[in-house]
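# Architecture at a glance
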Amino acid sequence: MKYQKLGKTDLEASVVSFGGWGIGGGSVWSDKSVGVSDLERLLDLASDLGINYIDTAPVYGTGVSEQLLGEALKKGRRAKFLLQTKCSLNWRGDGGNFHYERDGYTVNNDTSASAIRKDVEDSLIRLQTDYLDLLVVHYVCKSWPVEETMGALLDLVKEGKIRAIGISNSKPEDLDEYEQYGTVALVQEQFSLLAPYHGMDYFPTANKHHTTFQVYGALEEGFLTAPDYVDRTFPQGDVRGKLPWIHEPIKGAIHQLFDVMKPLTEKYHCSYSNLVQAWTLQQNPGINLLTGFTRPETMINTCQSLEIQLSQEDAALIGNAAKPAQVTELDK
Ligand SMILES: NC(=O)c1ccc[n+]([C@@H]2O[C@H](COP(=O)([O-])OP(=O)(O)OC[C@H]3O[C@@H](n4cnc5c(N)ncnc54)[C@H](OP(=O)(O)O)[C@@H]3O)[C@@H](O)[C@H]2O)c1
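The residue numbers shown here count from 1 along each chain, following its written sequence. For this predicted model, a pLDDT threshold of at least 70 governs which residues receive local features, and a threshold of 80 or more governs which side-chain atom pairs are given and counted, while totals over whole chains, interfaces and linings are taken from all residues. Hydrogens are left out, water is left out, and the side-chain values use all remaining heavy atoms of the structure.

### What about the site of the ligand?
This is how the line gets drawn: Throughout this document, a residue counts as near a molecule or strand when at least one of its heavy atoms sits within 4 Å of that molecule or strand. Polar contact is the term for a pair of N or O atoms within 3.5 Å; when the atoms are in protein, one must be able to donate a hydrogen and the other to accept it, and sequence-neighboring residues count only if both atoms are side-chain atoms. Runs of E in the DSSP output that reach at least two residues are strands. Runs of H or I that reach at least four are helices, and both are numbered from the N terminus. Here the term charged refers only to Asp, Glu, Lys and Arg, the term nonpolar to Ala, Val, Leu, Ile, Met, Phe, Trp, Tyr, Cys and Pro, and the term polar to all other amino acids, Gly among them.
Every one of the 29 residues lining the ligand counts as a neighbour, but D55, E221, T294, R295 and T298 are closest to it. Between the ligand and the protein, one listed contact pairs a nitrogen atom with a side-chain N or O atom of N301 at 2.9 Å. T302 places a side-chain nitrogen or oxygen 3.0 Å from a nitrogen atom of the ligand. For the shell around the ligand, the secondary structure elements donating two or more residues are β13 (288–292) and α9 (296–304). Considering only residue class, the shell around the ligand consists of eight nonpolar, 16 polar and five charged.

What follows is the structure, given as structure tokens:
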């Protein structure tokens, strides 16, 4: 495993971090079913592989991901991990802007000081812990002043409830604004071979502030793991069924990308996922690779991506082959 300091903090995180969306199940990941004992095994494997960093959010499975983690972490595992959850999206029905409706819940976005404080209280209960290593604003929102949001986060740091602050689904100018009021350790942003533009625009600003760029969705929820994944169909409500990758002409272009990568899997003795993740890590120094796992084999395989150094020519070959499939904006 490789490690990195998160932003300007002393938090030493594994470059591969464990994404907790899929373990929350629900209609968005309808084929995933993870119980506490499965998760305990995954966390023990993560420790063995050197992964010490977990990401979750209140809305992943509407509380389920955090609850499962709380159960699995309490038996002596909590101290082995940097635990990151999020704030702003909640389904309490006590204010905020409508964000989405899912699994019978209405989720609102609220970055007011009082909502953030309540989010943290609820997460600490579900996660069965008395502190969070990082708290990330899930969806940056302009309805409340950043000064108020950041003020609430800094108060939580002073109280020892959180150790560091991050923002997500933000723009470079949001990071500039948050940094006027305090230090942002990381931004968690979508970045992939199929949707690279947001990240490419963002890297210079993250680097300027020494803020870690944590990538989510590098494998595009599995679509970049194997050619046959692109041909799958998904039940109603599943987030993967709403992505642009399942429609022509993008679907065909992704198949062509796999055709280009096939000889490279042989050259580097690795999986398609390894090529995609290695390409991702090579796009900016200090990227943190947040990846969703519900199975041991995918966690093991992802760690192997850190050992692959693509030649400049091969990285360019992959990047160019992806261009016909790329989208400029992606909302998950
Ligand atoms: N801030 C936000 O708004 C936001 C949005 C989306 C995601 N996230 C965070 O980012 C994390 C990662 O994103 P994601 O889970 O959406 O998608 P992802 O990491 O792009 O893809 C996860 C999928 O890839 C599979 N996989 C992982 N490593 C693999 C490997 N080496 N080979 C083959 N398959 C592999 C997993 O399989 P198995 O499940 O079978 O193991 C899972 O189906 C989330 O869990 C969440 O923590 C944040």
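### Considering the sheet that holds strand β7 (residues 97–102)
So the rule is basically this: Strands are labelled as partners when DSSP assigns at least two bridges between them.
Strand order in this open sheet of three strands is β6-β8-β7, and the pairing throughout is antiparallel. The open sheet terminates on both sides in strands that have one partner only, identified here as β6 (89–90) and β7. Strand direction decides the pairing type here: β6 and strand β8 (residues 105–109), joined by two bridges, are antiparallel. Across the sheet, N90 pairs through a bridge with N108, a residue of β8.

### Some remarks on the pairing of strand β3 (residues 16–19)
In plain terms, the rule: Here the term buried applies to any residue with accessible area under 20% of the maximum for its type, exposed to any over 50%, and partly exposed to those in between, with areas from a 1.4 Å probe on protein chains only. Clockwise travel from the first strand over the helix to the second, with the strands pointing away from the viewer, marks a crossover as right-handed.
Burial along β3 is two-sided: V16 and F18 and S17 and G19, pointing in opposite directions, are all buried. Bridging between β3 and β13 involves four bridges; their strand directions are parallel. Its bridge partner being in β13, S17 is matched across the sheet by L290. Two strands pair when backbone bridges link them, and β3 and strand β4 (residues 53–55) are joined in this way by two bridges, in the parallel orientation. Bridged to F18 within β4 is I54. Handedness of the crossover is the feature at issue here: the chain leaves β3, passes through helix α1 (residues 36–49), returns alongside β4, and the resulting connection is right-handed.

### A look at the sheet that holds strand β10 (residues 162–168)
Where we set the bar: Only C-alpha atoms enter the line fits that serve as axes; for helices the fit covers just the stretch in contact. Angles between N-to-C directions range over 0 to 180 degrees. By definition in these notes, contact holds between two residues if any of their heavy atoms fall within 4.5 Å.
Overall, parallel pairing links the eight strands, which are arranged β3-β4-β5-β9-β10-β11-β12-β13 in a closed barrel. Adjacent strand axes in the sheet meet at a mean angle of 30°, parallel and antiparallel pairs treated alike. Here helix α3 (residues 113–127) sits on the sheet in contact with β5 (82–87) and β9 (132–137), set at roughly 140° to β5.

### Re α9
Within α9, burial applies to M299, N301, T302 and C303. Next to the buried residues of α9 lie β3, α1, α8 (272–281) and β13.

### Some words on the packing of helix α7 (residues 250–267) against α8
Short version of the rule: Small angles under 35 degrees read as roughly parallel and large ones over 145 as roughly antiparallel, with 65 to 115 read as roughly perpendicular and the rest as oblique.
Put simply, α7 and α8 touch, their axes get as near as 9 Å, and they point 100° apart. The orientation of α7 relative to α8 falls into the category roughly perpendicular. Residues F258, M261, K262, L264 and T265 of α7 lie in contact with α8, whose contacting residues are Y272, L275 and V276. Split into classes, the residues belonging to the contact of α7 with α8 amount to six nonpolar, one polar and one charged.

### Quick notes on the packing of aromatic side chains
Convention followed: Centres within 6.5 Å make a pair out of two Phe, Tyr or Trp rings, where for Trp the six-membered ring is used; the pair is then stacked when the planes are under 30 degrees apart, edge-to-face when over 60, and tilted otherwise. By the criterion adopted, a ring carries a charge over it if an Arg CZ or a Lys NZ lies within 6 Å of its centre and within 35 degrees of its normal.
In the structure shown here, the tally under the stated rule is eleven aromatic pairs. Both rings, one in F258 and one in Y272, keep their centres 4.8 Å apart while their planes meet at 85°; by these two values the pair is edge-to-face. With a gap of 14 residues between them, F258 in helix α7 and Y272 in helix α8 connect regions that are remote in the sequence. Grouping residues by exposure puts F258 and Y272 together as buried. Here the aromatic cluster, defined as three or more aromatic residues joined through ring pairs, consists of F191, Y202, F203, F213 and W279. When the ring centre of Y131 is taken as reference, the NZ or CZ atom of R78 above it lies at 4.1 Å. Over the ring of Y229 we find R232, and its NZ or CZ is 4.7 Å from the ring centre.

Read these as layout, nothing more, since geometry by itself doesn't imply function.
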